[in-house]
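# Examining the three-dimensional arrangement
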Amino acid sequence: MSEEKKYFRQQAPFRVPTTDGKLIEEHIGLASTRTSQYSVAHMVAPPQWSEPHQRPEFDEITIVVRGRKRFEIDGDVVELSAGESLLIKAGARVRYANPFDAECEYWSICVPAFSMDTVNREE
């Protein structure tokens, strides 16, 4: 009887199809590993990118690796630079954007895992 390994090596993250030029590679989460407790994704937002407001039912941590990223959170504006991180709690109305002239590379951790059913994007 073999014991299940206590680790998982991701060598082929799920590349989320997008139409706005943004790269999304989910390493752990619902789409890639069927993990519902949390998700971890690597992202690159092109210059002048933004998405609609949303009110997620999950906490989201963003860690900026390169460039800058702008957040509108319940009426406040926060800008992160490389090396900075931000926790946005579930239920906040948030809009993510890269209104700058350079790409923004970052990691996103969602608890519980990101889901299109619980992100609650505004049209």
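That block above? That's the structure.
These numbers come from a predicted model, not from an experiment.

Conventions adopted
- Residues numbered from 1 in each chain as written.
- Predicted model: local features only at pLDDT ≥ 70, side-chain atom pairs only at ≥ 80, totals over all residues.
- Heavy atoms only, no water.
- Pairing = 2+ DSSP bridges.
- Helix = DSSP H or I, 4+ residues; strand = E, 2+ residues; numbered from the N terminus.
- Buried < 20%, exposed > 50% of the residue type's maximum accessible area, 1.4 Å probe, protein only.
- 1 Å grid on protein atoms, 1.4 Å probe; cavity = no way out; pocket = protein on both sides within 12 Å on 5 of 7 lines; lining within 4 Å.
- Points joined across faces, edges and corners; volume = space filled by probe spheres on them.
- Nonpolar A, V, L, I, M, F, W, Y, C, P; charged D, E, K, R; others polar.
- Patch = residues over 30% accessible without salt bridge, like charges linked within 9 Å, V, L, I, M, F, W, Y side chains within 5 Å.
- Areas by Shrake-Rupley, 256 points an atom, 1.4 Å probe, with all protein chains shown as cover.
- Salt bridge = Lys/Arg side-chain N within 4 Å of Asp/Glu carboxyl O.

## Brief notes about the sheet that holds strand E2 (residues 23–28)
Spatially, the 6 strands line up as an open sheet ordered E1-E2-E3-E10-E5-E8, and their pairing is antiparallel. One side of each edge strand has no neighbouring strand; the edge strands of this open sheet are strand E1 (14–15) and strand E8 (85–88). In this structure, E2 lies alongside strand E3 (residues 39–45), joined through 5 bridges in antiparallel fashion. Considered in E3, the bridge of Ile24 is made with Met43.

## Some thoughts on the sheet that holds strand E7 (residues 76–81)
Strand order in the open sheet made by the 4 strands is E4-E9-E6-E7, with antiparallel pairing throughout. Lying at the two open borders of the sheet, with one neighbouring strand each, are strand E4 (49–50) and E7. Strand direction decides the pairing type here: E4 and strand E9 (residues 94–98), joined by 2 bridges, are antiparallel. Among the inter-strand pairings, Ser50 is bridged to a residue of E9, identified as Ala97.

## Focus: the pairing of E8
Side chains of E8 alternate between two faces, with Leu86 and Ile88 buried and Ser85 and Leu87 left unburied. Where strand E5 (residues 59–66) lies against E8, 4 bridges are found, and the strand directions are antiparallel. The residue bridging Thr62 from the neighbouring strand is Leu86, located in E8.

## Details of the layout of surface pockets
Estimates place the volume of the largest pocket at around 570 Å³. Lining the largest pocket are 27 residues, with Val16, Ile24, Phe114, Met116 and Arg121 positioned closest to its centre. Grouping the constituent residues of the lining of the largest pocket by class yields 14 nonpolar, 6 polar and 7 charged.

## Comments concerning unusual backbone geometry
The residue after Val111, namely Pro112, is reached through a cis peptide bond having omega -10 degrees. Not every positive phi belongs to a glycine, and Arg34 is a case in point at roughly 60 degrees. Turning to its location among the elements, Arg34 is positioned in the loop between helix H1 (30–33) and E3.

## Some remarks on a nonpolar patch on the surface
Together, Ile61, Ile63 and Leu87 give the surface a local cluster of nonpolar side chains, amounting to about 220 Å² of exposed area. Inspection of the secondary structure assignment puts Ile63 in strand E5. The class for Ile63 is partly exposed, based on a relative accessible area of 35%.

Fair warning: the whole summary comes from geometry, so function is off the table for now.
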